[in-house]
Structure formats: structure tokens, C-alpha cells
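Listed below are the residues making up each chain.
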Amino acid sequence: MKATKLAEGVYWVGVIDWNLRDYHGYTLPGTTYNAYLVVGSKHVALIDSAYPGQEYQLLERIKDVIDPKKIDIIVANHVEMDHSGTLPLLTKMLPNVPIYCTEVAVKGLGKHYDTTGWNFKPVKSLDKIELGGKTLVFVEAPMLHWPDSMFTYLAEDKILFPNDAFGQHIASCERFDDELGKDVALAHAQKFFANLIVPLAPRVLKKLDEVTKLGIPIDVVAPSHGIIWRSYAADILGAYVNWSHGVAKNKVTIVYDTMHHSTDRMAQMIAEGVMSEGVAVKVCLLKDGRYEGNHRSNIVSDVLDSKAVLVGSPTLQDEVYPTVADFLSYLHGLQPGRLTHKKIGCAFGSQGGHGGAVAIITECLKKAGIETINDGFEIYYRPDSAELKKCYELGQDIARRVKAM
Ligand SMILES: [Fe+2]
Ligand SMILES: [Fe+2]
């Protein structure tokens, strides 16, 4: 197995996990656990590792560069097991190897593994270590992605190793942004952001501001998942600023499920109304979540770049449909309405008894920070022509509001 060279003495030695299809509710075409080897004249550092059980690829790629026993420094940017899972093996193989990580990570690793005898070297922001012609500088980055997270910066080569930040879940033979293509890479990064980073957006902006003020030039961004940004580093940094602010398109996302196609008819007519105003619309039937585009983790990508979100459900046992409940719970966790640029929303649906789904959805949208334009639109049984006309007008109303935002 081969390592990939980023710069003189700097190598990607990560793991390609071709078969991963679900990562805590996120559907993905595989991923990579990126680890990096930095070979200085005095020391050899391994930055991050891989998911438990993925040691083989990691060690084989290291062997392509150097005898793994020559690693005399480990940097653990993040405790989560996809980046620390091979530490138990590495610490056995390399007794007393110093492990540089945050103080919080020392405790976190101790909750994941038996770290008795591990040689921790806790670091703070701007602490540095010299490898001999290669200087590693640490920047604490709490909550990006966990309280223990930090970034590592390789000064001489201007490479930032930000762990989860700027990553993408994709398994591919390409290692660099310009090989995969800018648009594809950014689309995967946007999905990663929409599913994992959105609730952390204020911290992203603060951290980017802090890094900018440090005045450190960044030529390459080498995250812990997906491709490495070497040609479009400025693009991904800029994209993170826009996504963190919630910059969205003139676009409406309509998400719903249906029992006997009544809520479905409403969704179609709302979409027609939106389109009649020249505004983009994405319609997602949650029942078809097994298909890529309608999976909750893809829908939230559409939500992130939409100015408006409409959610529809029939009422079932005085509740929303189970698929809609799943989506609303996911949306609530992400809080996409609490970014700088606000989102508007509205609930709709059909009921055949007491109703209630529309009221539940309206409350859930508010809890996700989305400004509801009314109390929702709930109809009884099948939508008649007057009600379908109202749906069309609702779509037009939403689209006009979107254009005015
Ligand atoms: Fe993580
Ligand atoms: Fe990760």
C-alpha cells in the first residue's frame, strides 16, 4: 500500500474505508480516516490515526515511507474513535511514545481506552514542537468537533491539519481537491458541514477569525476525512465562512411524507407555486429515504442552502408520521435556523380525525430556529380544488418572501 506525498517529508498515510454507508445517521459513499506522517531530521511524527480495526492500511502506508518503529511522536488532534482508534496498538508498538494532545483529550482518551502508562504531553494553543526542519504548532479548537479537538499547523510547509473541520465523507482513489474536482469536493464538504458542523457555526467563525489574526499562511488544508485541499484551500475556508453564516440561495426545500397521497398533492402544488415565481425548489418524500436524495442527511444539505423550509405530514394517532418525526428530531439537533441569515418555514398536511401534525411541525420548526410565516396549513381528508389553489398560493407567498430576503 502506498503513502501519498504532500510535501517533502510530509505524507498521507490514512485509511480508505470503502464500505461505510452509515455513520450515526449520515448516509455516505465510504470515507477516509486521514493520518499524516511528518518526517523531520530529528523526529518523526504521526498526526492522528484511524478507526479501531483499521490498523492494517495505516501501518502498511507508513511502511511505504519509514519503519513504523521510527515514529517517536504522536499527535492526537481529536479523541473520537475514527481518529484515535489505533492508539492502543500504536502505544503497544511504541512504548512510551509521547502523545501530544489537549488536556481535555487526555481525559477523553482515558474514557475510551486503558491509557495506563501512556506518555501524554498536554499542549495549549501556540505550543510548538520541533521535529528538525519541521515545526508543529498546536491550536486548541474546542467543539470542532468535540471539546478535546485541536488543529496542528506545520509552519515550514504551511499545512493545516484541522482534523474533522473542512472534511468530507467520501471514499475515492483521489487524494487531492484538484484530482476529485472542486465542485464535487465542495459538495461533499457542504454535506459534511450541514450534518455535523452547523450547530458549531459560531465557533467556526470565531476560530477562523482567531487563525486569521495569527497571520499564519495556509497553503494546504489537510483534514481527517476525504480529500486534501491544496488547490482550493482558500475556497473551502471561504465556504466555511458562508455556510457558518447560513448564506443560502433563492431556494425552497419541501420535505414531507404522505399516507394516501393527500399531503403529497399539497406538496406538489406548493412546489408549483414556488416555481411559478422563478424560485428553485427541492421536493423530498421521506418515505423514499432509502434513495440517496431523500435521505435525511442529504435533505439537510438542501436545507442549509435554502432560505425556506416547508415540512408536511398527515396526522397519525394525533402525531406526525414516524419518518417526519425522525427528520424533525434530526433538524432540531442541527438548529439550521440559528445562523446569521435566517430561514423561514411553514407546516402543511392532511388529517382525517383530530389533526395536530401541523401544529407539532410548526413548534418543531420554531425549536430549530426557523421563523414560521403562519400557523401552518392543515386540511381535512383530500385537498379539494380550492385547497389546492391555496397550496399554490402558499408556494407563491413563500417564494416572494424568499426573493425579498
Ligand atoms: Fe469527530
Ligand atoms: Fe471524524
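Every value quoted in this text rests on a predicted model; they were computed, and no experiment measured them.

Attention now moves to the overall build of the chain. Looking only at helices and strands, the chain has 13 helices and 24 strands in total. Structurally, the chain occupies a C-alpha span of about 80 × 40 × 35 Å along its principal axes. When the 405 residues of the chain are sorted by exposure, 59% land in the buried category. In the chain, of all internal contacts separated by at least 6 residues, the share reaching a separation of at least 24 is 72%. Accessible surface for the chain amounts to roughly 16400 Å². Of this, 53% is attributable to carbon and sulfur atoms. Seen as two clouds, the 43 positive and the 48 negative side-chain charges of the chain have centres 2 Å apart.

Let us look at the coordination of the iron ion (ligand 1). Every protein donor of the iron ion (ligand 1) is listed here as H78 (NE2), E80 (OE), H145 (ND1) and D164 (OD), and their distances to the metal cover 2.0 to 2.3 Å. Mapping the donors of the iron ion (ligand 1) onto the primary sequence gives the spacing H-x1-E-x64-H-x18-D. Here E80 falls in the buried class, since its relative accessible area comes to 9%. Residue classification places H145 among the buried residues on the basis of a relative accessible area of 14%.

Distances from the iron ion (ligand 2) to its protein donors, namely D82 (OD), H83 (NE2), D164 (OD) and H225 (NE2), fall within the range 2.1 to 2.3 Å. Angles of 86 to 176 degrees at the metal separate the four donor atoms of the iron ion (ligand 2), which places the site in the irregular class. The distance between the iron ion (ligand 2) and the iron ion (ligand 1) comes to 3.6 Å, with D164 serving as a donor to both metals. Here D82 is found in helix α2 (residues 81-84), whereas its partner H225 is found in the loop between β16 (220-221) and α8 (233-245), with 143 residues between them in sequence. Considered together, D82 and H225 belong to a single accessibility category, that of buried residues.

With that settled, the discussion passes to the pairing of strand β1 (residues 4-7). Pairing of β1 with strand β2 (residues 10-12), which is carried by three bridges, proceeds in the antiparallel orientation. By the bridge assignment, K5 is partnered in β2 with Y11.

In the structure shown here, the tally under the stated rule is 20 salt bridges. Salt-bridge contacts for R230 lead to E179; the nearest nitrogen and oxygen are separated by 3.8 Å. With R230 in the loop between β16 and α8 and E179 in helix α5 (residues 177-180), this pair connects stretches of sequence that are 51 residues apart. According to the relative accessible area criterion, R230 is partly exposed, its value standing at 38%. With its nearest N and O atoms 3.1 Å apart, the salt bridge here joins D257 to K287. In this pair, D257 sits in the loop between β17 (249-256) and α9 (262-276) while K287 sits in the loop between β18 (280-285) and α10 (296-304), placing the two residues 30 residues apart along the sequence.

Compared with an ideal rise of 1.5 Å per residue, which puts 20 residues at 28 Å, helix α13 (residues 385-404) spans 29 Å between its outermost C-alpha atoms and is within 8% of the ideal. Considered for burial, the residues of α13 that qualify are E387, L388, C391, L394, G395, Q396, I398, A399 and V402. At its buried positions, α13 is contacted by β17, α9, β19 (306-312), β22 (344-351) and β24 (377-380). The distance from a side-chain oxygen at the start of α13 to the backbone nitrogen of A386 is 3.2 Å, and the residue carrying that oxygen is D384.

Pairing is mixed across the open sheet formed by five strands, whose spatial order is β12-β13-β14-β15-β16. Each edge of the open sheet is held by one strand with a lone partner, namely β12 (128-130) and β16. Across three bridges, strand β14 (residues 150-154) lies against strand β15 (residues 159-161) in antiparallel orientation. For T152, the partnering residue across the bridge sits in β15 and is F161.

Thresholds applied
- Residues numbered from 1 in each chain as written.
- Chains lettered and ligands numbered in written order.
- Predicted model: local features only at pLDDT ≥ 70, side-chain atom pairs only at ≥ 80, totals over all residues.
- Heavy atoms only, no water.
- Helix = DSSP H or I, 4+ residues; strand = E, 2+ residues; numbered from the N terminus.
- Buried < 20%, exposed > 50% of the residue type's maximum accessible area, 1.4 Å probe, protein only.
- Contact = heavy atoms within 4.5 Å.
- Areas by Shrake-Rupley, 256 points an atom, 1.4 Å probe, with all protein chains shown as cover.
- Lys, Arg positive; Asp, Glu negative; His and termini not counted.
- Charge placed at Lys NZ, Arg CZ, Asp CG, Glu CD.
- Donors = N, O, S within 2.8 Å, 3.2 Å for Na, K, Ca; no water.
- Tetrahedral: all angles 85-135°; square planar, octahedral: opposite > 155°, others 65-115°.
- Pairing = 2+ DSSP bridges.
- Salt bridge = Lys/Arg side-chain N within 4 Å of Asp/Glu carboxyl O.
- Expected span 1.5 Å × (residues − 1).
- Polar contact = N/O pair within 3.5 Å; in protein donor to acceptor, adjacent residues only side chain to side chain.

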